[in-house]
Amino acid sequence: MIKCCKSMDCCKPVNSNKWIYPTLLLCAYGFFSTMRPSEPFLIPYLVGPDKNLTIDQVTNEIFPVWTYSYMVVLIPVFLVTDYLRYKPIIILQGMSFIATWLMLLFAQGVLAMQFLEFFFGIVSATEVAYYSYIYSVVDSDHYQRVTSYCRSVTLVAYTLGSILGQVLVSVGNVSYFLLNVISLVSVSMAFLASFLLPMPKRSMFFHRKEAKHIQVQPSTEDVNPASGNIYSQNDLDTAATSRCPASSCEGVPSLVKATEHKGMMTDLFQLRSDFKESYSSPKIIYWSAWWALSTCGYLQVVNYIQVLWDYVEPSQTNTAYNGGVEAVSTFMSAVMSFAVGFVKLDWAVWGELALGIFSVVDAGALYIMDRANNIWVCYASYIAFKASYFLLITIATFQIAANLSVERYALLFGVNTFAALLLQTILTIVVVDSRGLGLDIITQFLVYGTYFAAIAGLFLIRGICTLYQSRQKRTRQDGSEVINENTSPSGTETYLAERF
């Protein structure tokens, strides 16, 4: 089918599969930006001869900078991402990736590594653009499919990168420096792919109704079905504006500016309204509270797990199997996330109890890691911890998203993530940072285990109360049904009542 525009003197093919091109490009970006074989071996690289840093410097002085920069950058990035329509922020993420790995390869010293962590904080904060972009360039009919593709490709890429890194280290005896070179090439490919992404014409918040505020009357020729010329609203506005006389179009720029200003204020008020509506349900508040609390603990554990592994079995004198463990843990997390979709359970009743039970699993895994002197016990406990977390975050995600629009879910996701980072910042300042307690890694993981035990206790109590209330409600309903049956007249009584 050909779509012709007389006023523009051009013809454009209309493709019913136009969602495929941006989806493929975004998946390519996601694959290359996540396929980083050096990442599971970051600690061995930093404390090895290449950087010659100490474990205390990495733990207490360098890594905390990532948490602080991630939190500070997240909120402005979340709003600017939507206003700029995602693509510029994806390009910024690609640039930050390259800056991170260039510094990782060639910079030296604690201060340089702190700047590196700042850039990686930008990488983490701008990740929201990757997961939001696709909703602005495809129809809602394809949301589920493209979401699956974009999320799956990152899991596959991370798994392949971890396996590749492990094979190169264990079999090929490749240095950690060369692994970082491979990672730099991969993120550079992602950076190039980001330029090819189509620029969206709309976004979730600030550009929901693009070019709909100015009412310009098109000619009847443009919308005449007999002529076969049926245009979109944007085409009609453009064509009508190009045909209007200069004298009648003088006020259009000022009208556009006034309309844009009014539209932005309207969008901000709508954003405020969406925020209040999103958190109007107590159930969503409970699930969001677990999300923020657990994500805080998960990010803290993942950020410092390699430090614990290097403490239990120093990588300078032993072969590190971090890549293989990360590959297995990611695969198991994907399996658990996939399997939970087939569990037939009333999550509104049993969900909070499940959060408590599996939080006990997380706390137990962390306590085992803290006390174990065997690296393989630490590896196994980490796999169990990560798989349990992803199972629960999947449940929490679809429970929260079940009754929310895409826009409100995106807003709630951003707020919950910021809350998690705020909690993580407090935890980092108190527990990790050298200006706080500056605890050693063993004591840190004891604190993290206790943290998840507190979450488990909170949601076990809440889950038991919810289950009890549900049973009481069902008992009252059953009792009322029995009373109604006993008090309802039989057929003969009804017949006599009608006669008299």
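Residues numbered from 1 in each chain as written. Predicted model: local features only at pLDDT ≥ 70, side-chain atom pairs only at ≥ 80, totals over all residues. Heavy atoms only, no water.

(A) Broad picture of the overall build of the protein chain. Along its length, the protein chain carries 18 helices and 2 strands. Of all 500 residues assigned to the protein chain, the portion counted as buried reaches 46%. Contacts in the protein chain between residues far apart in sequence, at least 24 positions, make up 82% of those at least 6 positions apart. Surface exposure of the protein chain reaches about 25,300 Å², of which carbon and sulfur atoms provide 65%. (Helix = DSSP H or I, 4+ residues; strand = E, 2+ residues; numbered from the N terminus. Buried < 20%, exposed > 50% of the residue type's maximum accessible area, 1.4 Å probe, protein only. Contact = heavy atoms within 4.5 Å. Areas by Shrake-Rupley, 256 points an atom, 1.4 Å probe, with all protein chains shown as cover.)

(B) Spotlight on the packing of aromatic side chains. For the coordinates displayed, the defined rule picks out 22 aromatic pairs. Arranged with centres 5.5 Å apart and planes meeting at 90°, the rings of Phe385 and Phe452 form a pair that is edge-to-face. Of the two residues, Phe385 is situated in helix 15 (residues 375-401) and Phe452 in helix 17 (residues 441-487); the sequence distance between them amounts to 67 residues. By relative accessible area, Phe452 is classed as buried at 0%. Between Phe445 and Tyr448, the ring centres sit 5.4 Å apart and the planes meet at 70°, which makes this aromatic pair edge-to-face. You can see Phe445 and its partner Tyr448 sitting in helix 17, 3 residues apart, about one turn around the helix. Taking relative accessible area as the criterion, Phe445 reaches 0% and is therefore assigned buried. An aromatic cluster of three or more residues is present, and its members are Trp290, Tyr298, Phe385, Tyr389, Phe390, Tyr451 and Phe452. (Phe/Tyr/Trp six-rings, centres within 6.5 Å; stacked < 30°, edge-to-face > 60°.)

(C) Expanded view of empty space enclosed by the protein. Within the structure shown, the criterion is met by 3 cavities of 30 Å³ or more. For the largest cavity, the lining is made up of 13 residues, of which Trp309, Glu313, Ser315, Ala320 and Asn322 are closest to its centre. Sorting the residues of the lining of the largest cavity by element identifies helix 2 (42-47), helix 12 (282-312) and helix 15 as the ones contributing at least two each. Residues belonging to the lining of the largest cavity are distributed by class as follows: 6 nonpolar, 5 polar and 2 charged. (1 Å grid on protein atoms, 1.4 Å probe; cavity = no way out; pocket = protein on both sides within 12 Å on 5 of 7 lines; lining within 4 Å. Points joined across faces, edges and corners; volume = space filled by probe spheres on them. Nonpolar A, V, L, I, M, F, W, Y, C, P; charged D, E, K, R; others polar.)

(D) Layout of the side chain of Lys51. Along the chain, Lys51 turns up in the loop between helix 2 and helix 3 (55-83). Within polar-contact distance, the side chain of Lys51 engages the backbone oxygen of Leu104 at 3.0 Å. Apart from residues lying up to four places away in sequence, Lys51 is in contact with Tyr45, Leu46, Met103, Leu104, Leu105, Phe106, Ala107 and Gln108. (Polar contact = N/O pair within 3.5 Å; in protein donor to acceptor, adjacent residues only side chain to side chain.)

(E) Representation of the packing of helix 3 against helix 12. Close contact between helix 3 and helix 12 brings their axes to 11 Å; oriented N to C, the two are set at 165°. Between helix 3 and helix 12, the angle is such that the two are roughly antiparallel. The way helix 3 lies across helix 12 gives a crossing that is right-handed. Residues Ile55, Thr59, Phe63, Pro64, Trp66 and Thr67 of helix 3 pack against Leu299, Asn303, Tyr304, Val307 and Asp310 of helix 12. Partitioning the contact of helix 3 with helix 12 into residue classes produces 7 nonpolar, 3 polar and 1 charged. (Axes fitted to C-alpha atoms, helices over the stretch in contact; angles between N-to-C directions. Parallel < 35°, antiparallel > 145°, perpendicular 65-115°, else oblique. Left-handed = near helix turned anticlockwise from the far one by under 90°.)

(F) Examining unusual backbone geometry more closely. At Asn52, a residue that is not glycine, the phi angle is positive and equals roughly 55°. As for its position among the elements, Asn52 is in the loop between helix 2 and helix 3. Here Asn173, not a glycine, exhibits a phi torsion of approximately 55°, which is positive. Among the structural elements, Asn173 can be located in the loop between helix 7 (143-170) and helix 8 (176-195). The class for Asn173 is exposed, based on a relative accessible area of 69%.

(G) Structural detail: the environment of Ile89. With respect to the element layout, Ile89 can be found in helix 4 (residues 87-106). When the C-alpha atoms of Ile89 and Glu127 are compared, they prove to be 8.7 Å apart, with 38 residues separating the residues in sequence. Ignoring any residue separated from it by four or fewer positions in sequence, one finds Ile89 in contact with Val77, Val80, Thr81, Leu84, Thr126 and Ala129.

(H) Inspection of the environment of Glu61 at higher detail. Position of Glu61 among the secondary structure elements: in helix 3. Separated by 372 residues in the primary sequence, Glu61 and Asp433 have C-alpha atoms spaced 6.4 Å apart. The residues contacting Glu61, other than those within four sequence positions of it, are Asp56, Val110, Gln114 and Ser434.

(I) View of the environment of Val312. Mapped onto the elements, Val312 comes out in helix 12. With 130 residues separating them along the chain, Val312 and Ile442 place their C-alpha atoms 9.5 Å apart. In this structure Val312 touches Ala372, Asn373, Asn374, Ile375 and Cys378, once residues within four positions along its chain are discounted.

(J) Examining the pattern of salt bridges more closely. By the definition in use, this model includes 5 salt bridges. We note a salt bridge from Lys386 to Glu326, for which the minimum N-O separation is 3.3 Å. Here the residue Lys386 occupies a position in helix 15, and Glu326 occupies one in helix 13 (residues 322-339), the gap between them amounting to 60 residues. As far as burial versus exposure is concerned, Lys386 and Glu326 are alike and both buried. Ionic pairing is found between Arg462 and Glu352, a salt bridge with its closest N-O pair at 3.0 Å. A residue pair is termed long-range when its members are at least 10 positions apart, and Arg462 in helix 17 and Glu352 in helix 14 (residues 347-371) qualify at 110 residues. (Salt bridge = Lys/Arg side-chain N within 4 Å of Asp/Glu carboxyl O.)

(K) A look at helix 12. With 31 residues, helix 12 should reach 45 Å at 1.5 Å per residue; the first-to-last C-alpha distance of 43 Å fits that figure. Largest kink in helix 12: about 45°, centred on Tyr304. Burial of helix 12 is extensive: 23 of the 31 residues sit out of reach of the surface. (Expected span 1.5 Å × (residues − 1). Bend = angle between axes of the 7 residues up to and from the residue.)

(L) Structural context of the nonpolar core. Counting 112 residues, the largest nonpolar core has Trp290, Phe445 and Tyr448 as the members making the most contacts within it. Broken down by element, this core gets its largest block of residues, 14 residues, from helix 12. If near-sequence neighbours (up to four positions away) are discounted, Phe445 is found in contact with Val301, Tyr304, Ile305, Leu308, Leu366 and Asp370. (Core = buried A, V, L, I, M, F, W, Y, C linked by side-chain atoms within 4.5 Å.)

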